[in-house]
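Below, each chain spelled out in residue letters.
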Amino acid sequence: MFKIGYRTLKTAIGAGLAILIAQTLQLDFYASAGIIAILCITVTRRDSLRSSWERILASLIGLLYATVIFELAGYHFLSITILLLLFIPTVVAVKAKKGVATSAVIMFHLYTLGEVSAGILINEVLLIVIGVGVALLMNWYMPSAENELVWDQVYIEEAFQTIWKEFARYLKEGDTGWTGKEFTEASNTISHGKGKALINIDNHFLREDDYFYHYFKMREKQLEILERILPFISTLDDTVIQGEKIADFMNELSGAVYAGNTANYFLTQLDDLREELQAMDLPETRQEFEIRSSLFYILHELEQYLLLKKMFKADLRRTQTVSVKKRYKVKRRGENKKEE
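Residues numbered from 1 in each chain as written. Predicted model: local features only at pLDDT ≥ 70, side-chain atom pairs only at ≥ 80, totals over all residues. Heavy atoms only, no water.

J.: I'd like to hear about the overall build of the protein, residue by residue, with values.
T.: Across its full length, the protein carries 13 helices and zero strands. Each helix and strand of the protein, placed in order from N terminus to C terminus, yields the pattern α-α-α-α-α-α-α-α-α-α-α-α-α. Across the 340 residues of the protein, 42% fall into the buried class. Taking all contacts inside the protein whose residues are at least 6 apart in sequence as the whole, residues at least 24 apart take part in 79%. (Helix = DSSP H or I, 4+ residues; strand = E, 2+ residues; numbered from the N terminus. Buried < 20%, exposed > 50% of the residue type's maximum accessible area, 1.4 Å probe, protein only. Contact = heavy atoms within 4.5 Å.)

J.: Residues and numbers for the confidence of the model for the protein, please.
T.: Confidence in the prediction for the protein averages 81 pLDDT; 83% of positions are at 70 or higher. Segment residues 330–340 is flagged for pLDDT under 50; beyond a separation of four residues in sequence, or across chains, it makes one contact in the model. (pLDDT = per-residue confidence, 0-100.)

J.: Talk me through the environment of Ser 293; I want residue IDs and the actual numbers.
T.: Examined against the element boundaries, Ser 293 turns out to sit in helix 12 (residues 286–311). Taking the C-alpha atoms as reference points, Ser 293 and Phe 232, separated by 61 residues in sequence, lie 9.5 Å from one another.

J.: Describe the pattern of salt bridges, naming the residues involved and giving the relevant values.
T.: Applying the stated criterion to the full structure yields 12 salt bridges. We note a salt bridge from Lys 196 to Glu 148, for which the minimum N-O separation is 3.6 Å. One end of the pair, Lys 196, is in helix 8 (residues 181–202); the other, Glu 148, is in helix 7 (residues 146–173), with 48 residues separating them in the sequence. The class of Lys 196 is partly exposed, set by a relative accessible area of 22%. Glu 148 sits in the partly exposed class, given a relative accessible area of 45%. One connected set of salt bridges, linked through shared partners, spans Glu 148, Asp 152 and Lys 196. (Salt bridge = Lys/Arg side-chain N within 4 Å of Asp/Glu carboxyl O.)

J.: So, the packing of aromatic side chains: which residues are in play, and what are the values?
T.: Summed over the entire model, instances satisfying the criterion amount to 17 aromatic pairs. Aromatic pair Trp 164 and Phe 167: ring centres 5.8 Å apart, planes at 90 degrees, arrangement edge-to-face. Linking Trp 164 with Phe 167, this pair stays in helix 7, spanning three residues, or about one helical turn. Accessibility classification places Trp 164 together with Phe 167 in one group, the buried group. Ring plane angle 45 degrees and centroid distance 5.9 Å describe the contact between Trp 178 and Phe 183, whose orientation is recorded as tilted. By relative accessible area, which is 24% here, Trp 178 ends up partly exposed. Of the aromatic side chains, those joined through ring pairs into one cluster are Trp 164, Phe 167, Trp 178, Phe 183 and Tyr 305. Across the ring face of Phe 160, the terminal group of Arg 219 is positioned such that the distance to the ring centre comes to 5.4 Å. (Phe/Tyr/Trp six-rings, centres within 6.5 Å; stacked < 30°, edge-to-face > 60°. Lys NZ or Arg CZ within 6 Å of the ring centre and 35° of its normal.)

J.: Would you mind going over the packing of helix 7 against helix 9 (residues 211–233) in detail, with residue names and values included?
T.: Running from N to C, helix 7 and helix 9 point in directions that differ by 15 degrees, and their axes come no closer than 11 Å. One finds that helix 7 runs roughly parallel with respect to helix 9. Helix 7 and helix 9 meet at a crossing whose hand is left-handed. Considered class by class, the residues forming the contact of helix 7 with helix 9 number 18 nonpolar, two polar and four charged. (Axes fitted to C-alpha atoms, helices over the stretch in contact; angles between N-to-C directions. Parallel < 35°, antiparallel > 145°, perpendicular 65-115°, else oblique. Left-handed = near helix turned anticlockwise from the far one by under 90°. Nonpolar A, V, L, I, M, F, W, Y, C, P; charged D, E, K, R; others polar.)

J.: Residues and numbers for unusual backbone geometry, please.
T.: Backbone geometry places Phe 29, a non-glycine residue, at a positive phi of 55 degrees. Residue position: Phe 29 is located in the loop between helix 1 (6–24) and helix 2 (31–40). The class for Phe 29 is partly exposed, based on a relative accessible area of 28%.

J.: Lay out helix 4 (residues 77–93) with the relevant residues and their values.
T.: Between its terminal C-alpha atoms helix 4 stretches 25 Å, which fits the 24 Å expected from 17 residues at 1.5 Å a residue. Looking at the buried positions of helix 4, the neighbouring elements they touch are helix 3 (45–73) and helix 5 (100–113). Two residues or fewer past helix 4, Lys 95 is found with a positive phi of approximately 60 degrees. (Expected span 1.5 Å × (residues − 1).)

J.: An account of the environment of Gln 222 is requested, with residue identities and associated values reported.
T.: Of note, Gln 222 is situated in helix 9. Overall, Gln 222 belongs to the buried group, its relative accessible area being 0%. Dropping the residues within four chain positions of it, Gln 222 is found in contact with Phe 160, Tyr 305, Leu 308 and Lys 309.

J.: Tell me about the packing of helix 3 against helix 4, and please be specific about residues and values.
T.: At their nearest, the axes of helix 3 and helix 4 sit 10 Å apart, and the two run at 150 degrees to each other. Between helix 3 and helix 4, the interaxial angle falls into the category roughly antiparallel. In the packing of helix 3 onto helix 4, the handedness of the crossing is right-handed. Counted together, Ala 58, Ile 61, Gly 62, Tyr 65, Ala 66, Ile 69, Phe 70 and Ala 73 of helix 3 and Ser 79, Ile 80, Ile 82, Leu 83, Leu 86, Phe 87, Thr 90 and Val 91 of helix 4 form the full contact between these two elements.

J.: Kindly report on the nonpolar core, identifying the contributing residues and their values.
T.: Soluble globular proteins tend to pack their nonpolar side chains together in the buried interior. Counting 47 residues, the largest nonpolar core has Trp 164, Phe 167, Leu 226, Met 250 and Tyr 305 as the members making the most contacts within it. Going through the elements one at a time, helix 7, helix 8, helix 9, helix 10 (241–254), helix 11 (263–278) and helix 12 are the ones with two or more residues in this core. Residues contacting Phe 167, with those up to four places away along its chain left out, are Trp 178, Phe 183, Leu 226, Ile 229, Leu 230, Ile 233 and Met 250. Counting residues in each nonpolar core, the second largest holds 30 residues, with Ala 33, Ala 58, Ile 69 and Ala 135 among its members. (Core = buried A, V, L, I, M, F, W, Y, C linked by side-chain atoms within 4.5 Å.)

Written as C-alpha cells, this is what we have:
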C-alpha cells in the first residue's frame, strides 16, 4: 500500500488548479501552466520563493532573447542553438539557473508558433504568473516539523543519559557487556535532526527559528567528546579511588541531560575533582602515571562537554515540552511492561 505525501498532494492539486485557471482564460498552451506550477513547488517556503523568482526572471530574459533571435535569425534549429548558447550563460550570471527548464518551455512556444506578437507575449507572461502564483499558494502550507524535532531531542538525551550511566557502571563494576549502540543511535538522530532543523528554518519567512539546529550542533560536538572519552574509561577500574568519584559524577550528570543549563553546577563539582586529583601523591610506577594521565584527560574532556552546554542558549518552552514527552515515554514503557 503506497502512501501519498503532502508534497505529492500539493503538486497534484497545484498543477490541476493552474491548468484550470489557464484553460478558463482560454490561454494557448494552457497545460504549460501546470508544468510551471510543478517545477515551482519545493520542499520549503523560502526555497519556493527563491525558485519562483528565478523562474520568473529567467522566463522574462528568455522571452526577450527568443523574440530578438527568432525575428532576426528565423525560426529554425540553428536559432534554437544560438538562443541557448546565449541564454543559459546569462541566467547563470544573474543567478537564475533554476529557471532554465521553465524558460525553455516558454521559448519553445514561440518557436512552435513561428511568430511573435503582443498577444503571444501576454499569453506567455500569464502562463508564468498563473503557474508561479499557484505554486506559491500551494507552498504557503508547510507541516510543522517541530514535533518531530522535539522527539529527536528526547531520543538524543536518552541516549546520552545511557552513555553516562554505562561509563559510571564500568568504572564501578568493570566490563558490563554494554554494546555501545547508543553512540550510533545518537549520531543518526543528530544527523537527521540537523537536516530537519534546516528545513524548519527555511519554512519561516519572518523569523530565524534556528534553536533546534544549534541544539543538534551542540549535541554533535558533545557526542564527539563522549567518543573520545570512551577508550580512556577502559584504562580505569575499581582500584582507582578517583575512578569511583568520577563514576558518581557521571551518574549525577546522566540525570541532568536536558536542554536547560545546569553546566555551572557541574563545572564547580569538576573543579573540586581536579583539585583533589592534583593533591594526590606523585605516581611511583608507570601504571600509576598512565592512570593519572587518563584521569586528567577525562576531566579535561568533561570540562569541554560542560562548556559546550554552558554556551548553548536553552529555550524554556521547548525544554518543558521535552520534559513532558520524556515523562509520557516513561509512562508508556511502564504500561507496556504491565501488559507483558
